[in-house]
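Each chain is listed here by its residues.
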Amino acid sequence: MKAIAQNEFGDAGVLSLQDLPDPLVGPDQVLVAVRAASVNPVDYKIRAGYLQGALPHHFPLIQGWDAAGVVVQAGPAADGYAPGDEVFGYLRKDHVQNGTYAELVAAPERGLAHKPAGITFEQAAALPLAGLTALQLLKKVGVGEGDTVLVHAAAGGVGHLAVQIARALGAGRVLGTASERNHDFLRSLGAEPVTYGEGLEDRVAALLGGDGKVDAVIDLIGGDALSVSPKLVRDPSRIGSIIENRVLELGGHYVFVKPNSEQLSWLGDLTASGDIKVEIEKVFPLAESADAQRLVEGGHVRGKVVISVP
C-alpha cells in the first residue's frame with residue numbers, strides 16, 4: 001500500500017509517500033480501505049518526537065489517528081462489521097506506527113463506528129478525535145441543562161465541535177474565545193464570541209452580568225487562557241483541559257481522548273441530522289500530507305483539515 005510515513009523525527013519535510021506492507025489484521029480488528037483521514041495537532045507533535053515519553057514509537061511511522069472508509073476484511077472476533085460497511089473511527093493504538101495517512105489501516109473494533117449515510121467520508125474523518133475530545137471534556141466537567149460554558153479557542157477543530165456539543169448536552173449559553181475574524185463563524189454555531197487575550201475576565205463579566213462567571217470552562221489552548229480560567233468559573237473543579245496537566249493543580253481535570261464507539265455513533269448521528277456541523281477548511285490529497293500538517297501547525301485553522309485518499 002501507499003502511505004505517508006517518516007523514518008526520523010523532524011519537521012514536515014521528514015514525511016514522504018512510501019510503499020509499505022499492507023497491515024496485519026488482528027482478531028478484533030477490521031481492515032479499512034481509507035477514503036479520508038484528518039490532521040490533528042497531535043500529528044505534528046508525534047512527527048517531531050514530542051510524545052516519545054508517552055507512547056512507544058517505531059519507524060517507518062505512518063501518521064494519523066482519524067479515518068473514514070470501507071471495510072474490506074473483518075477479523076474473526078470483529079463480528080460487528082463486514083466487508084462493504086462504511087465506517088469511521090479514532091484509531092489510536094498502544095504503539096505509534098501504523099496510522100491512517102494510508103490506503104489501508106487495521107482498525108481496532110473499539111475505535112470504530114458505522115458511518116451514517118447522511119455524511120461524507122471527509123466529514124466522518126474529521127469528526128472522531130476532535131469530536132470525542134470535545135464530548136469527553138464536556139462530560140468530565142459535567143456540562144448539562146442550563147449551564148453557561150466558556151470554550152477557549154472555540155473556532156478550532158475541537159473548539160467548534162465543543163460549542164455545538166455543549167448545546168446538544170443542554171447548555172443554555174456557550175461563550176467562545178476567538179480572533180475577530182472568527183466571531184461571525186462562532187455566532188453561526190450558536191456561540192457568543194469573546195476576543196481572547198488580556199482583559200478576558202472583564203469582557204466575560206460584561207457579557208454575562210451578574211457575578212460574571214460561567215459554570216464550566218473548556219481549555220484547548222493552555223498558557224494564559226488556562227491561568228485565567230479559575231477567575232472565570234464558579235467552581236474550579238469544572239475546568240477541563242487537553243493541553244496542560246497543570247489544570248490538576250487548579251482543581252480541574254486533564255483529558256486525553258479515549259476511543260469510544262458508542263460516543264462516536266452519537267456524534268455521527270448528530271452530524272447526519274444537522275445538529276453538528278463539521279467545518280472543513282481544506283482537503284489535501286494524500287501526497288500533500290506534509291502541506292496539510294504545515295497548515296495545521298500554523299495554528300489558524302478554522303475547523304478541520306482533511307486528507308483525501310484515492
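Further up the page is the structure itself.
Every value quoted in this text rests on a predicted model; they were computed, and no experiment measured them. (Residues numbered from 1 in each chain as written. Predicted model: local features only at pLDDT ≥ 70, side-chain atom pairs only at ≥ 80, totals over all residues. Heavy atoms only, no water.)

## Regarding the overall build of the protein
Part 1: When its secondary structure is counted, the protein shows nine helices and 17 strands.
Part 2: Over its C-alpha trace the protein gives a radius of gyration of 19 Å, about what one expects of a compact globule, namely 19 Å for 310 residues.
Part 3: Taken along its principal axes, the extent of the C-alpha atoms in the protein is 60 × 40 × 35 Å.
Part 4: Buried positions account for 55% of the 310 residues belonging to the protein.
Part 5: Of all intrachain contacts in the protein linking residues separated by at least 6 positions in sequence, the fraction that spans at least 24 positions is 67%. (Helix = DSSP H or I, 4+ residues; strand = E, 2+ residues; numbered from the N terminus. Rg over C-alpha atoms; globule rule 2.2 N^0.38 Å. Buried < 20%, exposed > 50% of the residue type's maximum accessible area, 1.4 Å probe, protein only. Contact = heavy atoms within 4.5 Å.)

## A short note on the environment of Lys2
Part 1: Checked against the element boundaries, Lys2 lands in strand β1 (residues 2-6).
Part 2: Along the chain, Lys2 and Val151 lie 149 residues apart, while their C-alpha atoms are 38 Å from each other.
Part 3: Sequence-distant contacts of Lys2, that is, excluding residues within four places in its chain, are made with Leu17, Gln18, Asp19, Ala102, Glu103 and Leu286.
Part 4: In this structure the side chain of Lys2 is engaged in a polar contact, spanning 3.0 Å, whose partner is the side chain of Asp19. (Polar contact = N/O pair within 3.5 Å; in protein donor to acceptor, adjacent residues only side chain to side chain.)

## A word on the nonpolar core
Generally speaking, nonpolar side chains in soluble globular proteins are found buried as a group.
Part 1: With 57 residues, the main nonpolar core has Trp65, Leu138, Val151, Leu161, Ile165, Leu186 and Ile218 as its most contacted residues.
Part 2: With seven residues, helix α3 (residues 128-140) is the single largest residue contributor to this core.
Part 3: Sequence-distant contacts of Val151, defined by excluding residues within four places in its chain, comprise Gly159, Ala162, Val163, Val174, Leu175, Gly176, Thr177, Ile218 and Leu220.
Part 4: By size, the runner-up hydrophobic cluster in this structure holds 36 residues, among which are Ala3, Ala37, Leu104 and Ala290. (Core = buried A, V, L, I, M, F, W, Y, C linked by side-chain atoms within 4.5 Å.)

## Let's talk about the sheet that holds strand β15 (residues 253-254)
Part 1: Taken in spatial order, the six strands of this open sheet run β12-β11-β10-β13-β14-β15, and their pairing is parallel. Because the sheet does not close on itself, it has two edges, and the strands there are β12 (192-195) and β15.
Part 2: In terms of strand pairing, strand β11 (residues 173-178) meets β12 through four bridges, oriented parallel. Across the sheet, Ala178 pairs through a bridge with Thr195, a residue of β12.
Part 3: Strand contacts of helix α6 (residues 200-208): β10 (148-151), β11 and β12, with the helix running at about 150 degrees to β12, the strand carrying the most contacts. (Pairing = 2+ DSSP bridges. Axes fitted to C-alpha atoms, helices over the stretch in contact; angles between N-to-C directions.)

## Remarks on the sheet that holds strand β2 (residues 16-19)
Part 1: Across the sheet, four strands lie side by side as β2-β1-β4-β7; this open sheet has mixed pairing. Of all the strands in the sheet, the pair left with one neighbour each is β2 and β7 (96-98). Going across the sheet, the axis of each strand differs from the next one's by a mean of 45 degrees, ignoring polarity.

These values are about where atoms sit, not about what they do.
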